[in-house]
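Below are the chains, spelled out letter by letter.
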Amino acid sequence: MGFSGLAFGQATTGSIFGQAPAGSADTVVIQNSTGFTRETAVDASGRYNVSSLPLGTYTVTLKHAGQTIDSRSDVTLRVGAGTEVSFASTEANAHNLSSVTVTANSLPSIDVTSVDSRTVITSQQLATLPLARSAEAIALLAPGVVQGSSYFTGPMGGSLVSFGGSSVTENAYYINGYNTTDPLSGMGGISLPYGSIDQQEILSGGYGAAYGRSDGGVISQVGKRGTNDWHFGGLIEWTPTGLESDPKNYYYVKKDGSQGSMRQYRNDNKSWTTTVDAYVGGPLIKDKLFLFASVEAQRQQGQSVGSNAAPYDTHYRYDNPKWYAKLDWNINDSNILEVTGASTKSSYQGTMNEFDYATLKEGGFNSYDTHTKNAAQLFSSKFTSYITDDLTVSAMYGKMKSTYFSDTPGYDPTNPYIYTPNYENPAITGGHLITNNQTVSTINLPGHRSVSTNLRFDLSYHLGDHTLTAGIDNMDMKNIQGGTMFPSEGKGYGWEYNEPVTDANGNPDPNLYILGGPGSALPGADWHNSPWVAPTAGYAGGETGYYVARYEYHDNASVRVAQRAQYIQDDWQVNDRLLLNLGLRNDQFTNYNAAGRPFLRLTKPQWAPRLGFSWDVNGDASFKVYGNAGRYYLALPTSVALRSAGSSLFTRTYYTYTGIDANGVPTGLTPIDTSRGADMPLSANGEYGQPRDPMVAATKDLKSEYQDEYILGFDKKLGDSWMYGAKATYRNLRNAIDDIGDKNSIINKMNKMGIDPTTYDASVMPGSYLINPGKNATYYVAKLGGGYYQVPMDWKQDFGFNTTMKRHYYGLNMYLEHPFDGKWFARFDYLFSRNYGNSEGQVRTDVGQDDVSATMDWDYAQLMDYANGYLANNHKHQFKAYGSYQIAPEWLVSANASILSGSPQTCLGYYVGSQPNPGLGYGPYYHFCNGKPWPPGTKTNPWTYRLDLSAEYRPEWAGKKLAFNVMVYNVFNSQKTTQTYPISASSSYLRPISTQAPRYVRFGVTYDY
C-alpha cells in the first residue's frame, strides 16, 4: 500500500507511514534513540503518517485505548524517503491487550512514497566499501554519474563529476540542508569529514518543487548527531608510497600513430597520504540536548615531475583539515532546534627542483612553487515545529564564508613566464626547449573571499488525502575581490610561443593570417570590423610561420548574485495504491556587477512544474511503478561577471623573432601588423581593462538556462531477498547561456538598417555578449550621444549559424540488488545511455575551458559547423557493482567495480574552405581533422575498467570495537588514457591529458566505543 510522506531531495529528514486494520487502533507512537517522541492518530481507514522526522533509529508502537498492542523496533530512516511500517491484523492482540515486537528486518524494501531517482549511501556502507574519501567518490556509485575531466577541480582541489550528461558545474551540494555549492563557478562544493557522514543522498533527477538550481545532480550529505549514549572513536589511515604502482609516462604521438618522444616523465609521481579522524557524541542533557563533534586531518606528501615544457621536479605537501559539530535540542516533543558548524581547508606548498629530461635525473633547487590556502566555514541553524499532527513548519538560515589565498615565497621577478616553450622555432633552438626559472604566471588577487547565505522557510499541512507544502528558498552570494593578475612585482606579462598557422590539411603556411583576414567574415560583412593579425611572411624570422605573443591578463571585481524561489507542492494519495506528486516552483536570478548594477535580471516568472506518480501495483510495497516530469532552472555563478560585466584585460601583442636568449625570451622582435596597428595589444574579445557597460553585457530579454527531464521506472521484489528494476531517463537542455563574439555581423546588420556609423564607436563595442544560443535576439549598441541602438539579429540569416543549441541525454538503467540481511549486500547496475548534441553546457571539456558560460562555442558560426555529435561526458555503456560480505563473525570483505566505455576523442583543426581560419580566426578549433569534417564522437577513448577490494578484521577479543582494514584501489593497475590533446595541427595531438590513477594500497585502524 502507499501513503504520502513529506520527503524531498536534499532534505535532512525522513517520514514513517503505514496502515493497521481499520478500527483496531487509536494512535501510533514513534520514538527515536534521543527520546524524541511523536504521537499521531490513526484515521478511520487505519492509515497514519508522520513526516519531517530527524534521521535515526525508531520504535513504532501501535496503541488501542492507551494499551500497546503491537510494535516494531530498529526502524531506520533514509534521508528524503518514506519508510512504511504497517501492522497486520491486531484483533487478537487488542483482545488480550498484549504486545508483540517485530524488528525492522521484516519491513518492505521498496519505498512507494518516492517519485525521484536517488541513491542513498549510509555510514555503515561508507565504513566498509573501498572508496576514496570524498563526496564525489561516493557519488560515482550511482548510475549515470561519471568522472569529470582532470581540467576541472573543486574549491578545495578535488575532482568533479557529471550527472546524466550535464557539465560538471551544473550540480548542487548540501550539508544538513544548507547549499554549499561553490559560489564562484559552481564547480563542486564543500563536504563533511568522511567519518561524520550519516547518509549521503545522490539525486539523479526527479526531485520535488522544494529544491532547484541544478540541472545536473545533487550531492546532499546529512551529518551524524548525538544520541542518549556517549560514543567516541577515531581512525588512522595511511597510503604508503612503496605500495603505489608507477604512473605511466606520457609520450607524444607521431603522425603515423606510433609513439614519439617523451612528453612527461611520471614513473616517480607518487605520494604518501595519512589521515587521522576523531569524534565524540552523546547527551549534554539526556533526552533534551545532544552533541556530535569530529575532526579530520589529512596530509599528502609526494613529488611530481612536470612535462618537458615545465621541467621541474616538485616536492609538495597538501594539508586538508576539516571539522564538524552539531547540536540537537529537543525543546519538547513539538519543537526541535538544530545547529550545524562545519569547516574545510586545503593548503598547498611545494619546492621546485630542476629536472633533466636527457638523463631523467633531478637537479638542484629552482624556486618555491606558489603556495595556496583555501578555506570555507559554515554555520547554519534549523528550527522545526510540529504545531499539530497535520501542520509542520521549519525555518533554516545559514552563512558560509570562504577565503582564497596564494603567495610565492622568494618570488624572483627577474624573468617573465614562458608559455608553450614546446612551440619555439626548432630552427633556433635545435629542438631543445629554452626556458627560465620563472614558474609563476598569474595569481589570485590578495584579499579574495566569498560569502553566501541561505534562507529557507517550509510549511507542510496534511489535509485528508493531501499533504500540501509551500515555502521560500533564498540565496545570496558575494564574490569579493575576485580575479587574477600577473604578480605586481614582476614583468606584468608572459611570452607565448606559437606554431605556424596551417591550412586545412595541416600544412604550415606563413602567408595565412594569424587571426581573421580576407574571407573570414560572412558574405556582405567587412572583415576589417573584426580583430585581425597579419601573416608572418614578410617579417624577419617569420618565413616559416613561427611567431610569439606578449600575453597580458588581469581581471578584478567584487560582485554578487541574488537568487529567490517560491514553491508549492501537493502529495495527493489518490487511493491506497496511487500517489501523485504535483509541484510548481518559481525561480528568480539577479547578477550584479562591481558597481552594484544588475547586468542580468532574470526575474520574470520562471515556472518549473514538477509532476510525479508512484503506483503501488500490488498494494503491499512489493512492486512499484513510478515516473516524473520536471523543469529545472540554473543560475549563473558570480564568476561570470568578472569578464562579462567587469573590467578585464586580456590582450596579446604579436611579433616574429630571430632568436631566443638563455632565459627563453625572444630576441630580434619585429611587430606584426594588426587591426589596432603594429606593436599594439590586441584583444579578440575587446577586453582592454575598461569598465563594462551592464547594458551591453547581454542581449535583451535573455532567458535562464533550463532543462526538461522525464523519468519512468519500476522497482520489484524478487523473492524475499532481492530487488530488481529499470529506469528510463530523457533530458533535454531547452535553453542555455553562453557568449557570442561576432560583432562584425552586428555591424553589418546595422549597415543594412541604415544606421550612420559615425553615431557609434565600433572599436569599443564589446567582443562578447551573453546570449541564448540558437535564439534570435536584440543587441544593444551604445550611441555616442547617449542611449542605445537596438539591433535585432536573426540567428541563421544574420549570424550565419546552420544549427541551434542541442543537448540531449537518454539512458536506460537496469539493476539487481540484494539488501543487507545481516550477512551481505550487493548492487549491480547496467546503464545504456547517449549524451549528444553540440553544447556540453557551461564549460567545455575537450579544450579545458572553465570560464562558466563563456566557452568558445557559439562565438561565431564556423566554430559550430559539424559540432553535432556525442558530448564530452558520454559513456554509452556503464557497468557498476558494489557490496560487502561477512565471511566470518570477525571478517568482512567488500568490493567496488566499474566498467565504462570510452568518452569521445576530440579532433579539432583548421576549417576546410577558401579561408582556413574564418570568422574571428581563433585558429585550429574547428570541427575538422586533417582536412575532413570530424563530429564529436567519431572516435572514442578506450574502455576503462577498475576493481577495488577491501577487507576488515574486527576481533571479538576487543569487543568488535577495534578494527583493522586494508583497501587495494585499482587491483589490476589499469591505466587507460581517459582524455587526449585535441588539436590536430599541433605536435601535441593525441598525447595523453589524463589516465586512470594507478594502483595503491591503504591501511587503516579504527576504534569505536
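The residue numbering used here restarts from 1 in each chain and proceeds along that chain's sequence as written. Predicted model: local features are reported for residues with pLDDT of at least 70 only, side-chain atom pairs are reported and counted for 80 or more only, and whole-chain, interface and lining totals are derived from all residues. To obtain the side-chain values, all non-hydrogen atoms of the structure were used and water was disregarded.

The protein is annotated in an unreviewed UniProt entry as TonB-dependent receptor from Dyella agri. In UniProt, the protein has this text filed under Subcellular location (unreviewed entry): "Cell outer membrane". UniProt positions are given in the numbering used here, feature names are shortened, and annotations may be inferred rather than shown by experiment.

Considerations on the nonpolar core
What makes a nonpolar core is a set of buried Ala, Val, Leu, Ile, Met, Phe, Trp, Tyr and Cys residues whose side-chain atoms join them at distances within 4.5 Å. Exposed residues in this analysis have more than 50% of their type's maximum accessible area, buried residues have under 20%, and partly exposed residues fall in between, with area computed by a 1.4 Å probe over protein chains only. Counting residues in hydrophobic clusters, the biggest one holds 57 residues, and the most contacted among them are Ile138, Ile202 and Leu770. Contacts are assigned to residue pairs that have any heavy atoms within 4.5 Å of one another. Residue contacts for Leu770: discarding those within four places in its chain leaves Phe599, Leu600, Val640, Ser644, Ala697, Ala698, Thr699, Leu702, Ile737, Asp738, Asp739 and Ser853. Core analysis: the second largest hydrophobic core is formed by 27 residues, Ala736, Val781, Met793 and Trp858 among them.

Examining the environment of Trp824
Going along the chain from the N terminus, every DSSP run of H or I of four or more residues is numbered as a helix, and every run of E of two or more is numbered as a strand. In this structure, Trp824 sits in strand 50 (residues 824-837). In the structure, Trp824 is positioned 264 residues away from Arg560 in sequence and 50 Å away in space, judged by C-alpha atoms. In this structure Trp824 touches Trp722, His818, Pro819, Ser884 and Tyr885, once residues within four positions along its chain are discounted.

So, a nonpolar patch on the surface
Patches in this entry comprise residues that are over 30% relatively accessible and not in a salt bridge; like charges within 9 Å are linked, as are nonpolar side chains (Val, Leu, Ile, Met, Phe, Trp, Tyr) within 5 Å. We get accessible surface area from the Shrake-Rupley algorithm with a probe of 1.4 Å; when it comes to residues, only the shown protein chains can shield them. Here, a salt bridge means any Lys or Arg side-chain nitrogen found within 4 Å of an Asp or Glu carboxyl oxygen. Among the surface-exposed residues, Trp230, Phe232, Val280, Leu284, Ile285, Leu327, Val339, Tyr1007 and Tyr1009 lie close enough to one another that they form a single nonpolar patch of about 790 Å² accessible area. The dominant element in the nonpolar patch, judged by the number of residues it contributes, is strand 19 (residues 271-285), at three residues. With respect to the secondary-structure elements, Leu284 resides in strand 19.

Quick word on the UniProt feature "domain: TonB-dependent transporter Oar-like beta-barrel" (unreviewed entry) in the protein
The sites that carry the UniProt feature "domain: TonB-dependent transporter Oar-like beta-barrel" (unreviewed entry) are, in the present numbering, residues 316-593. This span, residues 316-593, is 1% helix and 59% strand, and a straight line between its end C-alpha atoms measures 37 Å.

With respect to the sheet that holds strand 13 (residues 178-179)
The mixed open sheet is built from five strands, whose spatial order is 9-14-15-12-13. Pairing within the sheet leaves two strands with one partner each, and these edge strands are strand 9 (117-122) and strand 13. Inspection of the sheet shows strand 12 (residues 172-175) paired to strand 15 (residues 218-223) by four bridges, in the parallel sense. Note that in strand 15 the partner of Tyr174 across the bridge is Ser220. The criterion for strand pairing is that DSSP finds at least two bridges linking the strands in question.

Describing the UniProt feature "domain: TonB-dependent receptor plug" (unreviewed entry) in the protein
Cross-referencing UniProt, the feature "domain: TonB-dependent receptor plug" (unreviewed entry) maps to residues 116-217 in the present numbering. The distance from the first to the last C-alpha atom of residues 116-217 is 12 Å, and the span holds 11% helix and 26% strand.

Quick look at unusual backbone geometry
Residue Ala65 is not a glycine yet carries a positive backbone phi of 55 degrees. Position of Ala65 among the secondary structure elements: in the loop between strand 5 (57-64) and strand 6 (67-76). Residue classification places Ala65 among the exposed positions, given a relative accessible area of 59%. Positive phi, close to 60 degrees, is recorded for Asp679, a residue that is not glycine. By the secondary structure assignment, Asp679 is in the loop between strand 42 (670-671) and strand 43 (705-718). Accessibility expressed as a relative area gives 40% for Asp679, which makes it partly exposed.

Considering the pairing of strand 43
Here strand 38 (residues 623-634) pairs with strand 43 via twelve bridges, running antiparallel. Each bridged residue has a counterpart across the sheet, and for Tyr633 the counterpart in strand 43 is Tyr706. Of the pairings in the sheet, the one linking strand 43 to strand 44 (residues 722-735) comprises 13 bridges and is antiparallel in character. Residue pairing for strand 44: Lys717 is matched across the bridge by Met723. Between the antiparallel neighbours strand 43 and strand 44 lie three residues, among them Gly719 with a positive phi of about 70 degrees.

What about the sheet that holds strand 4 (residues 47-54)?
Read from one edge to the other, the open sheet built from three strands follows the order 4-1-7, with strand pairing classed as mixed. Looking at strand neighbours, the two that pair on one side only are strand 4 and strand 7 (82-84), the edges of this open sheet. When strand polarity is set aside, the average angle formed by the axes of neighbouring strands in this sheet is 20 degrees. In this analysis, axes come from line fits to C-alpha atoms, helices being fitted only over the stretch in contact, and the angle between any two N-to-C directions falls in the range 0 to 180 degrees.

Things to note about the packing of aromatic side chains
When the centres of two rings from Phe, Tyr and Trp lie within 6.5 Å, Trp using its six-membered ring, the rings pair. Their planes under 30 degrees apart give stacked, over 60 give edge-to-face, and anything left gives tilted. Summed over all chains, the structure comprises 50 aromatic pairs. Relative to Tyr730, the ring of Tyr710 has its centre 6.3 Å away and its plane inclined at 15 degrees; by these criteria the two rings are stacked. Residue Tyr710 is found in strand 43, and its partner Tyr730 is found in strand 44; the two are separated by 20 residues along the sequence. A relative accessible area of 29% places Tyr730 in the partly exposed class. Grouping aromatic residues by their ring pairs yields a cluster made of Tyr417, Tyr419, Phe486, Tyr551, Tyr553 and Phe650. Should the NZ of a Lys or the CZ of an Arg lie within 6 Å of a ring centre and within 35 degrees of the ring normal, that charge is described as sitting over the ring. The ring of Tyr279 has Lys224 lying over it, and the distance from NZ or CZ to the ring centre is 6.0 Å. A cation over an aromatic ring shows up here: Arg827 above the ring of Tyr815, its NZ or CZ 4.2 Å from the ring centre.

Some remarks on the pairing of strand 50
Summarising the sheet, strand 49 (residues 807-818) and strand 50 pair through twelve bridges and their orientation is antiparallel. Within strand 50, the residue paired with His818 across the bridge is Ala826. Where strand 49 folds back onto strand 50 in an antiparallel hairpin, the turn is made up of five residues, including Gly822, whose phi is positive at roughly 95 degrees. Here nine bridges tie strand 50 to strand 52 (residues 877-888), and the two strands are oriented antiparallel to one another. For Tyr830, the partnering residue across the bridge sits in strand 52 and is Phe879.

Digging into a positive patch on the surface
Counted as positive: Lys and Arg. Counted as negative: Asp and Glu. His and the chain ends are not counted at all. Taken as the charge location is NZ of Lys, CZ of Arg, CG of Asp or CD of Glu. Together, Lys399, Lys401, Arg449, Lys478 and Arg560 give the surface a local cluster of positive charge. Looking at the element boundaries, Arg449 is found in strand 29 (residues 448-463).

Here we look at the confidence of the model for the protein
Within a predicted model, pLDDT stands for the predictor's per-residue confidence, ranging from 0 to 100. Model confidence for the protein is summarised by a mean pLDDT of 92, while 97% of its residues fall at 70 or above. Contacts for the low-pLDDT stretch residues 1-9, under 50 throughout, to residues beyond four places or in other chains number 55 contacts. Scored below 50 in pLDDT, residues 90-108 shows 39 contacts in the model against residues more than four places distant or in partner chains.

Here's the deal with the environment of Tyr178
Within the secondary structure, Tyr178 is located in strand 13. With 44 residues separating them in the primary sequence, Tyr178 and Val222 have C-alpha atoms 10.0 Å apart. If sequence neighbours within four positions are ignored, Tyr178 has contacts with Tyr173, Leu378, Ser380, Met396, Gly398, Lys399, Met400, Ser452, Thr453 and Asn454.

Brief notes about the side chain of Gln200
Its location among the elements puts Gln200 in strand 14 (residues 197-205). For the purposes of these results, a polar contact is taken to be a pair of N or O atoms within 3.5 Å, where, inside protein, one atom must be able to donate a hydrogen and its partner to accept one; residues adjacent in sequence count only when each atom of the pair is a side-chain atom. A distance of 2.8 Å separates the side chain of Gln200 from the side chain of Gln221, its partner in a polar contact. Setting aside anything within four residues of it in sequence, one finds Gln200 in contact with Thr119, Val120, Ile121, Ala135, Ile138, Ala139, Ile219, Ser220 and Gln221.

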